[in-house]
Amino acid sequence: MLISTRIGAAQQVAAEAGLALRPDHFEYFRAIAPPDPEQLRSSVGSDLDQLFLLLASVCLVIGAVGIANTTLVAVFERTGEIGLRRALGARGRHVAGQFLAESRALGALGGLLGTTAGTATVVAVAVVREWTPVIHPATVAAAPVAGLATGLLAGLYPAVRASRVQPVEALRR
């Protein structure tokens, strides 16, 4: 049975419907009121927040793998350059620092471009739908920093590998 109610009365009508329809056996009825709109909105908002956080995490991992791969390929392609630098007196930490700087720059650039694209998308959607765009400044500031940190972590292995290149072996290639 479907009972139509006025807005805001659904909870009370659901609680009293069984007793009103059959006072002698009200337990025969089970009334289910529709969810409260505010609670439903909060639940959907929470689910969307979790979904977007998961999506951002996946994008961050994909970006880290891309940075690590790019930096590792650069190490392999520049083995001769690394060997020459090492033969001229550069220490392993100098070579590692160079590749860490490159990977950090890639991460920071990715964070800046991602922040720019995300902000532009939010503003564009808000303009099209005639909404007021709401962008938290901490999120905009944190994205390039997260990109920088991701670049640093993604570049650790290639930088260590580059720092261990022996000059004699590198110059033979």
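Residues numbered from 1 in each chain as written. Predicted model: local features only at pLDDT ≥ 70, side-chain atom pairs only at ≥ 80, totals over all residues. Heavy atoms only, no water.

**Student:** Break down the overall build of the chain for me, citing the residues and quoting the values.
**Tutor:** For the chain, the helix and strand inventory stands at six helices and zero strands. Helices (α) and strands (β) of the chain occur, in sequence order from the N terminus, as α-α-α-α-α-α. In terms of overall dimensions, the chain is more spread out than a globule: its C-alpha atoms have a radius of gyration of 29 Å, far above the 16 Å expected for 173 residues. On the principal axes, the C-alpha backbone points of the chain span a range of 95 × 40 × 20 Å. (Helix = DSSP H or I, 4+ residues; strand = E, 2+ residues; numbered from the N terminus. Rg over C-alpha atoms; globule rule 2.2 N^0.38 Å.)

**Student:** A description of the packing of helix α4 (residues 92-128) against helix α5 (residues 137-163) should follow, citing residues and the corresponding values.
**Tutor:** Direction vectors running N to C along α4 and α5 enclose 150°, while the axes themselves pass 6 Å from each other. Judged on the interaxial angle alone, α5 and α4 are roughly antiparallel. Between α4 and α5 the crossing geometry is right-handed. Residue composition of the contact of α4 with α5, grouped by class: 14 nonpolar, ten polar and one charged. (Axes fitted to C-alpha atoms, helices over the stretch in contact; angles between N-to-C directions. Parallel < 35°, antiparallel > 145°, perpendicular 65-115°, else oblique. Left-handed = near helix turned anticlockwise from the far one by under 90°. Nonpolar A, V, L, I, M, F, W, Y, C, P; charged D, E, K, R; others polar.)

**Student:** An account of a nonpolar patch on the surface is needed here, citing residue identities and associated values.
**Tutor:** On the surface, a nonpolar cluster with roughly 550 Å² of combined accessible area is contributed by Leu 40, Val 44, Leu 48, Leu 51, Phe 52 and Leu 55. Residue placement: Val 44 occurs in helix α2 (residues 37-77). (Patch = residues over 30% accessible without salt bridge, like charges linked within 9 Å, V, L, I, M, F, W, Y side chains within 5 Å. Areas by Shrake-Rupley, 256 points an atom, 1.4 Å probe, with all protein chains shown as cover. Salt bridge = Lys/Arg side-chain N within 4 Å of Asp/Glu carboxyl O.)

**Student:** Outline α4, supporting the account with residue identities and numerical values.
**Tutor:** With 37 residues, α4 should reach 54 Å at 1.5 Å per residue; the first-to-last C-alpha distance of 54 Å fits that figure. Among the residues of α4, those classed as buried are Gly 92, Val 95, Ala 96, Gln 98, Phe 99, Leu 100, Ser 103, Gly 107, Gly 111, Thr 115 and Ala 126. Looking one or two residues past α4, Glu 130 carries a phi angle of roughly 60°, positive in sign. (Expected span 1.5 Å × (residues − 1). Buried < 20%, exposed > 50% of the residue type's maximum accessible area, 1.4 Å probe, protein only.)

**Student:** Report on the environment of Arg 173, specifying residues and quantitative values.
**Tutor:** Note that Arg 173 resides in the segment after α6 (167-172). Along the backbone, Arg 173 and Gly 92 are 81 residues apart, and their C-alpha atoms lie at a distance of 19 Å.

**Student:** Tell me about the environment of Tyr 28, and name the residues and values.
**Tutor:** Mapping Tyr 28 onto the fold places it in the loop between α1 (10-21) and α2. On a C-alpha basis, the gap between Tyr 28 and Val 13 in space is 16 Å, while along the polypeptide they are 15 residues apart.

**Student:** So, the nonpolar core: which residues are in play, and what are the values?
**Tutor:** Counting residues in hydrophobic clusters, the biggest one holds eleven residues: Ala 74, Val 75, Ile 82, Val 95, Ala 96, Phe 99, Leu 100, Ala 159, Ala 162, Val 165 and Ala 170. Mapped by element, the contributors of at least two residues to this core are α2, α4 and α5. Of the residues forming this core, the biggest block, four residues, is contributed by α4. (Core = buried A, V, L, I, M, F, W, Y, C linked by side-chain atoms within 4.5 Å.)

**Student:** Go over the packing of α2 against α4 with me, naming the residues and quoting the values.
**Tutor:** Orientation of α2 relative to α4, taken along the N-to-C sense of each, is 145°, at an axis distance of 10 Å. Every pair of crossing elements has a handedness; the one defined by α2 and α4 is right-handed. Of the residues in α4, those touching α2 at Ile 67, Thr 70, Thr 71, Ala 74 and Val 75 are Phe 99, Ser 103, Leu 106 and Gly 107. Residue composition of the contact of α2 with α4, by class: five nonpolar, four polar and no charged. (Contact = heavy atoms within 4.5 Å.)

**Student:** An account of α5 is requested, with residue identities and associated values reported.
**Tutor:** Between the first and last C-alpha of α5 there are 39 Å, a value that for 27 residues agrees with the 39 Å anticipated at 1.5 Å per step. Listing the buried residues of α5 in full gives Pro 144, Gly 147, Thr 150, Gly 151, Ala 154, Gly 155, Pro 158, Ala 159, Ala 162 and Ser 163. Residues of α5 that are buried sit in contact with α2, α3 (79-87) and α4.

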